[in-house]
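For reference, the chains in residue letters:
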Amino acid sequence: MYAYSLLDDCVLLYPVYALLFSDAGLSVAQISSLFVLWSLTGIVLEVPSGALADAVSRRLLLWTGPLLTAAGFALWTVAPSYWTFALGFVLWGAKGAFGSGALEALVYEELARLGAADRYAHVMGRARAAALVGVMTATALAGPVLGAGGYGVVGVASVGACVLTAVVAGRFPEHRDRETKAATDAVPTPASEDSSPGWAASLRAGLSEARSNRTVRGALLLVPAVTAVWGALDEYTPLLVREAGATDTEVPWWLLLIWVGATAGSLLAGSLRGLGTAGFAALLACAGAALAAGAALPAAGLPLPAGVALVALAFCAFQLTTVLADTRLQNSITGPSRATVTSLAGAATELTTVTVYGTYGLLASTTTHGATFAVFAAPYLLTALMLACKRPGPGEDT
């Protein structure tokens, strides 16, 4: 799991692909349109792929996905243009949909099989930390490799990382519980759906649980509220740092500091898995304030390191709350379609992310990246306020 997570994000294109798009002549609006296409692909495929993971094999989807991104990155390397970038993002979006829901469900149920479901936050926190180590490794290498060999060498290395990720994913254990599968298959299936009864039953079971269980529904909605904005802003951090005065070869090093903060948040998740709603709300509010201040400092004439440090602190809290929100969701699910329910949260996240990308493109076209980042601190302050005022239902955390 940790090797998969590290390799999946040890992609040298990640820290510099926004620069690749810009250097290929794309405007901020065009770059944002690519991100929107990326998210729309995830929205369309997210829930169907989650039901497929419940009905067939989660491991199958986890090793197929990285091969799709390998093909997309190869296209970017060989023939960089707006349309090949767009096709690459469609493939990347499909990969994300294949993994979202399938990964969380596989890990949670394998831990539950061993009687260690309470270790989920700890394991996923470490896995996400491993992923961020992959990001930091790629970030540290991207500048020198870009300077030495250009985008071509960066692209080839990225394709290789995706292929290795697929190889590791093929080694995941998967012991599907027969009683759970039987419970899914027991959901009545109309004759018109006989061609894929397992998939249809998994889909209906997941939708039913999300609709009828208040605790699941609340935990599901919390995931996009926490994850979507900072996940979208991540794509623009290279542009934010360059605007603040960093050169292209310095950008990856400043991004490295931001991801050190996010890694620390992942490693804290296991220790803080029992954080209540009030503490969760306070953490989100502090993260939003740090994001706004960090984005505004360079524009105010203060040193770049201070601004980046505050953004890193915000990303630390965002990563921590992301793992904790996912843990709340997994703990609340009781039915057989865990990947489907988790994919619903993923689809809601992608839908919210599309809104962020579109809004960012409009705002950044008329103002600075720093000001735009500061504006997007507001949703976190609003979410924190709503959580602080929320009355917990039966069985929910206080």
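Here is what the cut-offs are and how they apply
- Residues numbered from 1 in each chain as written.
- Predicted model: local features only at pLDDT ≥ 70, side-chain atom pairs only at ≥ 80, totals over all residues.
- Heavy atoms only, no water.
- Helix = DSSP H or I, 4+ residues; strand = E, 2+ residues; numbered from the N terminus.
- Areas by Shrake-Rupley, 256 points an atom, 1.4 Å probe, with all protein chains shown as cover.
- Lys, Arg positive; Asp, Glu negative; His and termini not counted.
- Charge placed at Lys NZ, Arg CZ, Asp CG, Glu CD.
- Salt bridge = Lys/Arg side-chain N within 4 Å of Asp/Glu carboxyl O.
- Buried < 20%, exposed > 50% of the residue type's maximum accessible area, 1.4 Å probe, protein only.
- Axes fitted to C-alpha atoms, helices over the stretch in contact; angles between N-to-C directions.
- Parallel < 35°, antiparallel > 145°, perpendicular 65-115°, else oblique.
- Left-handed = near helix turned anticlockwise from the far one by under 90°.
- Contact = heavy atoms within 4.5 Å.
- Nonpolar A, V, L, I, M, F, W, Y, C, P; charged D, E, K, R; others polar.
- 1 Å grid on protein atoms, 1.4 Å probe; cavity = no way out; pocket = protein on both sides within 12 Å on 5 of 7 lines; lining within 4 Å.
- Points joined across faces, edges and corners; volume = space filled by probe spheres on them.
- pLDDT = per-residue confidence, 0-100.
- Phe/Tyr/Trp six-rings, centres within 6.5 Å; stacked < 30°, edge-to-face > 60°.

Enquirer: I would appreciate a short explanation of the overall build of the chain in the present structure.
Expert: When its secondary structure is counted, the chain shows 17 helices and zero strands. Overall, the C-alpha framework of the chain stretches about 60 × 50 × 35 Å when taken along its three principal axes. In the structure as shown, the chain presents an accessible area of about 15800 Å², 67% of it carried by carbon and sulfur atoms. Averaging the locations of the 21 positively and 25 negatively charged side chains of the chain gives two centres separated by 7 Å.

Enquirer: Please clarify how the pattern of salt bridges should be interpreted in this entry.
Expert: Tallied over the full model, the rule gives six salt bridges. The shortest N-O distance in the salt bridge between arginine 338 and glutamate 109 comes to 3.6 Å. Of this pair, arginine 338 sits in helix 15 (residues 338-364) while glutamate 109 sits in helix 6 (residues 102-113); the two residues are 229 residues apart in sequence, bridging distant segments of the chain. Looking at arginine 338, the relative accessible area reads 6%, which means it is buried.

Enquirer: Would you mind going over the packing of helix 6 against helix 7 (residues 120-169) with me for this structure?
Expert: Interhelical geometry of helix 6 versus helix 7 gives an angle of 135° and a closest axis separation of 10 Å. In terms of axis orientation, helix 6 runs oblique to helix 7. For the crossing formed where helix 6 meets helix 7, the hand is right-handed. Contacts between helix 6 and helix 7 involve Glu104, Val107, Tyr108 and Leu111 from the former and Tyr120, Val123, Met124 and Arg128 from the latter. For the contact of helix 6 with helix 7, the residue count by class is six nonpolar, no polar and two charged.

Enquirer: I'm lost on the layout of surface pockets in this one. Help?
Expert: Rolling a probe over the atoms, with the probe sized like a water molecule, indicates the empty space that remains. Looking at the second largest pocket, its volume works out to about 150 Å³. Taken together, Met1, Leu106, Val107, Glu110, Leu111, Arg113, Leu114, Val123, Phe172 and Pro173 form the lining of the second largest pocket. Among the elements that make up the lining of the second largest pocket, the one with the highest residue count is helix 6 (five residues). Taken together, the residues of the lining of the second largest pocket break down into eight nonpolar, no polar and two charged.

Enquirer: Looking at this structure, I do not really get the confidence of the model for the chain. What am I missing?
Expert: Predicted coordinates in regions of low pLDDT should not be interpreted in detail. On average, residues of the chain score 85 in pLDDT, and 91% of them reach the 70 mark or higher. The weakest mean pLDDT in the chain belongs to helix 8 (residues 178-185) at 46; the strongest belongs to helix 1 (residues 2-9) at 94. Taken together, the stretch residues 178-196 has pLDDT below 50 and engages in 19 contacts with residues farther than four places along the chain or on a different chain.

Enquirer: Looking at this structure, I do not really get the environment of glycine 65. What am I missing?
Expert: Topologically, glycine 65 is positioned in helix 4 (residues 58-78). Residue class for glycine 65 comes out buried when judged on its relative accessible area of 1%. Through-space distance from the C-alpha of glycine 65 to that of valine 323 is 22 Å; in sequence the pair is 258 residues apart. In this view, glycine 65 contacts Lys95 and Phe98; residues no more than four positions away in its chain are not counted.

Enquirer: In this structure, what is going on with the packing of aromatic side chains? I would like to understand it.
Expert: With the rule as written, the count across this model stands at 35 aromatic pairs. On the basis of an interplanar angle of 45° and a centroid distance of 5.5 Å, the ring pair of tyrosine 17 and phenylalanine 21 is categorised as tilted. You can see tyrosine 17 and its partner phenylalanine 21 sitting in helix 2 (residues 17-23), four residues apart, about one turn around the helix. Judged by its relative accessible area of 3%, tyrosine 17 is buried. Exposure remark for phenylalanine 21: the relative accessible area of 0% places this residue in the buried category. Each ring, one from tryptophan 38 and one from phenylalanine 89, has its centre 5.0 Å from the other, and the planes form 40°; the classification is tilted. Here tryptophan 38 is found in helix 3 (residues 28-55), whereas its partner phenylalanine 89 is found in helix 5 (residues 82-99), with 51 residues between them in sequence. With respect to class, tryptophan 38 is no different from phenylalanine 89; both count as buried.

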